[in-house]
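Structure assessment
As a plain string of letters, each chain reads:
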Amino acid sequence: MIKLHDKYFKPFITAKQIDEALQRLANEIAEDVGDEIPVFVGILNGSFMVVSDFAKMYPKPCEVTFIKLASYEGVKSSEDIQRLIGLTQDLTGRTVIILEDIIDTGNTLHEVHRIFKNEKVKSLKIATLFYKPEAYKKDFKLHYVGIEIPNKFIVGYGLDYNGLGRNLSEVYQIKETQYMTNLVLFGPPGAGKGTQAEFLKTKYNLVHISTGDVFRYNIKNETALGMLAKSYMDKGALVPDQVTIDMLNAEVEKNTDAQGFIFDGFPRTNAQAEALDKLMDSKDSQINAMIALEVDDEVLVKRLLGRGKTSGRPDDADESIIRNRIKEYYDKTAILKDYYSAQDKYFGVDGVGSIDEITKRLSSVIDKL
Ligand code: AMP
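A quick note: this is a predicted structure, and the numbers were derived from the prediction, not measured.

Pairing is parallel in the open sheet, where five strands are placed in the order β4-β3-β7-β8-β9. Only two strands of the sheet have a single partner each, and these edge strands are β4 (63–68) and β9 (144–148). Each adjacent strand pair in this sheet contributes to an overall mean axis angle of 20°, direction not counted. As paired strands, strand β8 (residues 123–131) and β9 are joined by four bridges and run parallel to one another.

Structure below.
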């Protein structure tokens, strides 16, 4: 992901895909023009990369020239297109092929046809690397099209966003959801995830989702999900993955405007971690960090038994259930440290100390993300 001015963009079309499309166009055009020497006309500024790479791939003699107009202002194709300038060459009787980086509304093409109306060219053909069929509003024929793309703003490979991005060798697409901070708060039961999440959500303006809390809410309201979850929770076992994943997805979907999430108690298995990545991806986002509160087992048991005296949670009241929850954590959940470490997203934090001290330790990790 990259940031240009105030917007974020995600990788969309690779340099290899661009190369392949240009090679196809070059071969197709070379075959069509036969023995003629065509004049390729690039439209500046956007097409400088396309024309340069295309010309190198073109297998036969050709001429190359440029005309100029300014067509984009910000992210919308401007209705008020400036006129084309710079056509100084006599093109009488020539085969002219316009080389465009992108055709969206077709306004530029309109200008092209206007400027060539009085030139006595033999033929005028249009070739474009990218084409947005959903945005195209004109009837001019497009003779050669490289890659059709959806009607979303792109940058890179000659295309800019307010001046930036032209020099990128790959093409990026604007992110629908702008930047979110998504944290997985990790650690064994009793590590203090819920307590810390309460502070962090206010400090960083994030939505806190605790899967344990959602299950408990469902149990209290005697929903079908609650009844199902209860049978597992009472033993200190994990609720099946698919049930938990579906529930988590639904919770995230409820918060369309969130600037990010704190996931507390999720993911607890590899399958859940993969499902979370997929969900974040569908939001054009990602998990930024897994922050783990590290606390010794015996401290956890003591803390949970203490909490059980006031929390009313049946799974906090019995030492053997508590030990089973901690065992579930080491058997099934602790492996997620590897999952996030492999992506350089794992941060361990000492979870013993005052609430305030631990919040400060967590914040210092988040502030550096
Ligand atoms: P917690 O409040 O996070 O300690 O969770 C309490 C109980 O809810 C756990 O012992 C599990 O039975 C269930 N639970 C919470 N989150 C998950 C999850 N991500 N996957 C499976 N079970 C979960």
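Scanning the model with the defined rule gives 11 aromatic pairs in all. When the centroid spacing of 5.6 Å and the interplanar angle of 80° are considered together, the rings of Y131 and Y136 count as edge-to-face. For Y131, a relative accessible area of 12% corresponds to the buried category. On the accessibility criterion, Y136 (15% relative accessible area) is buried. Note on F261 and F263: the rings are 5.5 Å apart at their centroids and 20° apart in plane angle, and the pair reads as stacked. On the basis of relative accessibility, which here comes to 0%, the residue F263 falls in the buried class.

Considering only enclosed or pocket space, the largest pocket measures out at about 700 Å³ in volume. Around the largest pocket, the lining comprises 36 residues; the ones closest to its centre are G212, R216, R268, R313 and R325. Counting only elements with at least two residues in the lining of the largest pocket, the list comes to β12 (181–186), α4 (193–204), β13 (207–210), α5 (211–220) and α11 (319–333). In terms of residue count, α5 provides more of the lining of the largest pocket than any other element does, five residues in total. For the lining of the largest pocket, the residue count by class is 12 nonpolar, 14 polar and 10 charged.

Quick look at the pattern of salt bridges now. Using the criterion set out here, one finds 26 salt bridges in the structure. A salt bridge links D6 to K7, with the shortest nitrogen-to-oxygen separation between them at 3.4 Å. On the basis of relative accessibility, which here comes to 23%, the residue K7 falls in the partly exposed class. Close ionic contact of K327 with D331 constitutes a salt bridge, the shortest N to O distance being 2.7 Å. Highlighted residues: K327 and D331, both in helix α11, separated by four residues, approximately one helical turn. Linked by salt bridges that have partners in common, R307, R313, D315, D316 and R325 make up one network.

Here is what the cut-offs are and how they apply
Residues numbered from 1 in each chain as written. Predicted model: local features only at pLDDT ≥ 70, side-chain atom pairs only at ≥ 80, totals over all residues. Heavy atoms only, no water. Pairing = 2+ DSSP bridges. Helix = DSSP H or I, 4+ residues; strand = E, 2+ residues; numbered from the N terminus. Axes fitted to C-alpha atoms, helices over the stretch in contact; angles between N-to-C directions. Phe/Tyr/Trp six-rings, centres within 6.5 Å; stacked < 30°, edge-to-face > 60°. Buried < 20%, exposed > 50% of the residue type's maximum accessible area, 1.4 Å probe, protein only. 1 Å grid on protein atoms, 1.4 Å probe; cavity = no way out; pocket = protein on both sides within 12 Å on 5 of 7 lines; lining within 4 Å. Points joined across faces, edges and corners; volume = space filled by probe spheres on them. Nonpolar A, V, L, I, M, F, W, Y, C, P; charged D, E, K, R; others polar. Salt bridge = Lys/Arg side-chain N within 4 Å of Asp/Glu carboxyl O.

By themselves, these observations are geometric and do not establish any function.
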